[in-house]
Amino acid sequence: MVNMDNVRLGVIGLGYVGLPLAVEFGKVLPTVGFDINARRIGELRDGVDHTLEVEPELLAEASQLSFESDIEALRACNVYIVTVPTPIDDNRSPDLTPLIKASETLGRVVSQGDVVIYESTVYPGATEEACIPVVERVSGLVYNRDFFAGYSPERINPGDKEHRVTTIMKVTSGSTPEVAEFVDALYRRVITAGTHLASSIAVAEAAKVIENTQRDVNIALVNELAVIFNRLGIDTEEVLQAAGTKWNFLPFRPGLVGGHCIGVDPYYLTHKAQQVGYHPEMILAGRRLNDGMGAYVASQLIKQMIKRRIHVEGARVLVMGLTFKENCPDLRNTRVVDIIAELADYNIAVDVHDPQVNKDEAEAEYGIRPVNAPDTGAYDAMILAVAHREFKALGADGIRAWGKPQHVLYDLKYALDKDSVDLRL
Ligand SMILES: NC(=O)c1ccc[n+]([C@@H]2O[C@H](COP(=O)([O-])OP(=O)(O)OC[C@H]3O[C@@H](n4cnc5c(N)ncnc54)[C@H](O)[C@@H]3O)[C@@H](O)[C@H]2O)c1
């Protein structure tokens, strides 16, 4: 197996997860950052990370990191880390295509003694059942004799400058006890927060997928509570604050659950559960609840508009924020689009304003072109859907300047003072 002093690393897939990791390793050992997206490679070579996860000066610090879109550049590597996307398809089943393609790439470059490590979030068993056989088939090498594997899930939180790849404890695992020790030692070279060596690849895979499943189910619970409290005329945030004074009450807040992790990963687990004959109830109930929140938000707004005698058909509504979370440009699987689609069904004209997004990307992905600046005094309602710092800085008065004399200001994120808004989730 590879000697730790002689590691030449290849990171496959330079997105939100792969790039920060490649940069950290590129500070301490020879690292090739590989991506099939040649435009991404071109930008990175110019010192630009459009995901805003890595600042230009940090990119420059990784003196041993090179960016490549030619597979030949991977051939000299002896340890590989795969960080490609793991989305779901239209039927909400795992779409392993990027992982399979990356495994084919590995199969072409892997050689005797090499270690391939997967980081992408998957269901327990996926690495050894779905990926490794592809590497074996393409390479002609035998698993755990000629080459070895590891799995180490990523826990980064895009947009979060406090919890970064090096400061989050990392779970590691390997295909043999010796490989597990190697994988763990490799990550310890860059992860200052330390590592947790799991007993098997499947344990590490399961650990990751339940981290996000647990969040999803907990958010679903508070979403359900919000629906109940809205009917009872009780402010949900005030209830959660009161309950939160107990030491073991968990601080979840209601809201849309989008993005490529929390709203997606549970389906990886439920897929595997169904394969082995168990039909998950709670996990899928959570998914259903969370997926229904966009329509619920729209219905709450419509009711409030009617109460205020604002004519719904033909009204103009400003949706503030399109990304799936605050202070980052990530549009993947944003559920804000559910609110927009629902309002459009009522023949409401929706403008979207989001200072963080790339407008072309929003248009290409969702057919929605965010406005440059909202019109003053133009809207029957404003929905603060994403708590970007720009919106918080405006405050309720700043936002109300976009409203007609009679309007509704709906704060989904508890970003503004309770008394300064008309409606909260
Ligand atoms: N973004 C997060 O917050 C986060 C956190 C933890 C775990 N994860 C998991 O990490 C994995 C990667 O997520 P991400 O957010 O970095 O994805 P991403 O979409 O930001 O990046 C993936 C990159 O992989 C590249 N790619 C796709 N197929 C490839 C291939 N065959 N060969 C080489 N490159 C390829 C894409 O061009 C892209 O640049 C997923 O499994 C995700 O669930 C993500």
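For the structure given in this document, a descriptive report is provided here. Here the structure is a predicted model, which is why all the values come from computation and not from measurement.

**Structural notes on the overall build of the protein chain**
The number of helices and strands found in the protein chain is 14 helices and 13 strands. Here the protein chain has a C-alpha radius of gyration of 23 Å; the compact-globule value for 425 residues is 22 Å, and the two agree. When the backbone C-alpha atoms are referred to their principal axes, the protein chain occupies close to 75 × 50 × 40 Å. Within the protein chain, the fraction of its 425 residues that count as buried is 54%. Summing over all exposed atoms, the protein chain offers an accessible surface of approximately 18600 Å²; the carbon and sulfur share of this is 51%. Both charge centroids of the protein chain, one from 42 positive and one from 59 negative side chains, sit 3 Å from each other.

**Some points on the sheet that holds strand β5 (residues 115-118)**
One open sheet holds the six strands; their spatial order is β3-β2-β1-β4-β5-β6, and the pairing between them is parallel. Of all strands in the sheet, those bounded by a partner on one side alone are β3 (65-68) and β6 (148-151). Taking each pair of neighbouring strands and ignoring which way they run, the sheet shows an average axis angle of 20°. Relative to strand β2 (residues 31-34), strand β1 (residues 9-12) is paired through four bridges, and the arrangement is parallel. By the bridge assignment, V11 is partnered in β2 with G33. The strands that helix α1 (residues 18-28) touches are β1, β2, β3 and β4 (79-82); relative to β3, the one it contacts most, it runs at about 140°. Relative to β4, helix α4 (residues 97-109) is tilted by about 170°, and along the sheet it contacts β1, β2, β4 and β5.

**Focus: the packing of helix α7 (residues 201-232) against helix α8 (residues 236-243)**
In a pair of packed helices, the angle between the axes and the distance between the axes together describe the arrangement. Axis separation between α7 and α8 bottoms out at 9 Å; the angle between their running directions is 125°. Our classification of the angle between α7 and α8 gives oblique. Contact residues: V222, A226, F229 and N230 in α7; T236, V239 and L240 in α8. For the contact of α7 with α8, the residue count by class is five nonpolar, two polar and no charged.

**Describing the sheet that holds strand β12 (residues 403-411)**
Pairing is parallel across the open sheet formed by five strands, whose spatial order is β10-β9-β11-β12-β13. The strands lining the two open edges of the sheet, one partner per strand, are β10 (349-353) and β13 (423-424). Pairing geometry for strand β9 (residues 316-320) and strand β11 (residues 379-384), over four bridges, is parallel. Bridge assignment links M320 to a residue of β11, and that residue is L384. Taken strand by strand, helix α11 (residues 293-307) contacts β9, β11, β12 and β13, and its axis lies near 145° from that of β12.

**A few points about the environment of V357**
With respect to the helices and strands, the residue V357 is situated in the loop between β10 and α13 (359-366). Note on V357: relative accessible area 8%, which makes it buried. Distance in space between the C-alpha atoms of V357 and P370 is 8.3 Å, their sequence separation being 13 residues. Every residue in contact with V357, bar those within four places of it in the chain, is listed here: L322, T323, L331 and P370.

**Here's the deal with the nonpolar core**
Judged by nonpolar contacts, the single largest core of 38 residues is most densely connected at Y80, V116 and Y118. Sorting the residues of this core by element identifies β2, β4, α4, β5, α5 (126-139), β6, α7 and α9 (265-275) as the ones contributing at least two each. The element contributing the most residues to this core is α5, with five residues. By size, the runner-up hydrophobic cluster in this structure holds 35 residues, among which are V11, L59, I168 and Y187.

**Focus: unusual backbone geometry**
Within the chain, L52 stands out as a residue other than glycine whose phi angle is a positive 65°. A positive phi angle is found at R92, which is not glycine, with a value near 60°.

**Some points on α9**
Among the 11 residues of α9, eight are classified as buried, and the element is accordingly described as predominantly covered. For α9, every residue scored as buried is listed here: D265, P266, Y267, Y268, L269, T270, K272 and A273. Against α5, α7 and α10 (282-291) lie the buried residues of α9. Just downstream of α9, G277 is the residue with a positive phi angle, here 85°.

**Concerning the packing of α7 against α9**
Between α7 and α9, the shortest axis-to-axis distance is 8 Å and the interhelical angle comes to 115°. Taken together, the axes of α7 and α9 lie roughly perpendicular to each other. For the pair α7 and α9, the sense of crossing is left-handed. Contacts between α7 and α9 involve K208, V209, I210, N212, T213 and D216 from the first element and D265, P266, Y268 and L269 from the second. Counted by class, the contact of α7 with α9 contains five nonpolar, two polar and three charged residues.

**Points about the packing of aromatic side chains**
What the rule picks out here adds up to three aromatic pairs. Taking the ring centre of Y187 as reference, the NZ or CZ of K170 above it sits at 4.6 Å. Taking the ring centre of W247 as reference, the NZ or CZ of K246 above it sits at 4.8 Å.

**Overview of the pairing of β2**
A two-sided burial pattern is seen for β2, the buried positions comprising T31 and G33 on one face and V32 and F34 on the other. Taking the sense of rotation as the criterion, the β-α-β connection linking β1, α1 and β2 turns out right-handed. One ladder, built from four bridges, connects β2 with β3; its direction is parallel. The residue of β3 that forms the bridge with G33 is F67.

Conventions and cut-offs
Residues numbered from 1 in each chain as written. Predicted model: local features only at pLDDT ≥ 70, side-chain atom pairs only at ≥ 80, totals over all residues. Heavy atoms only, no water. Helix = DSSP H or I, 4+ residues; strand = E, 2+ residues; numbered from the N terminus. Rg over C-alpha atoms; globule rule 2.2 N^0.38 Å. Buried < 20%, exposed > 50% of the residue type's maximum accessible area, 1.4 Å probe, protein only. Areas by Shrake-Rupley, 256 points an atom, 1.4 Å probe, with all protein chains shown as cover. Lys, Arg positive; Asp, Glu negative; His and termini not counted. Charge placed at Lys NZ, Arg CZ, Asp CG, Glu CD. Pairing = 2+ DSSP bridges. Axes fitted to C-alpha atoms, helices over the stretch in contact; angles between N-to-C directions. Contact = heavy atoms within 4.5 Å. Parallel < 35°, antiparallel > 145°, perpendicular 65-115°, else oblique. Nonpolar A, V, L, I, M, F, W, Y, C, P; charged D, E, K, R; others polar. Core = buried A, V, L, I, M, F, W, Y, C linked by side-chain atoms within 4.5 Å. Left-handed = near helix turned anticlockwise from the far one by under 90°. Phe/Tyr/Trp six-rings, centres within 6.5 Å; stacked < 30°, edge-to-face > 60°. Lys NZ or Arg CZ within 6 Å of the ring centre and 35° of its normal. Right-handed = clockwise from strand over helix to strand, strands pointing away.

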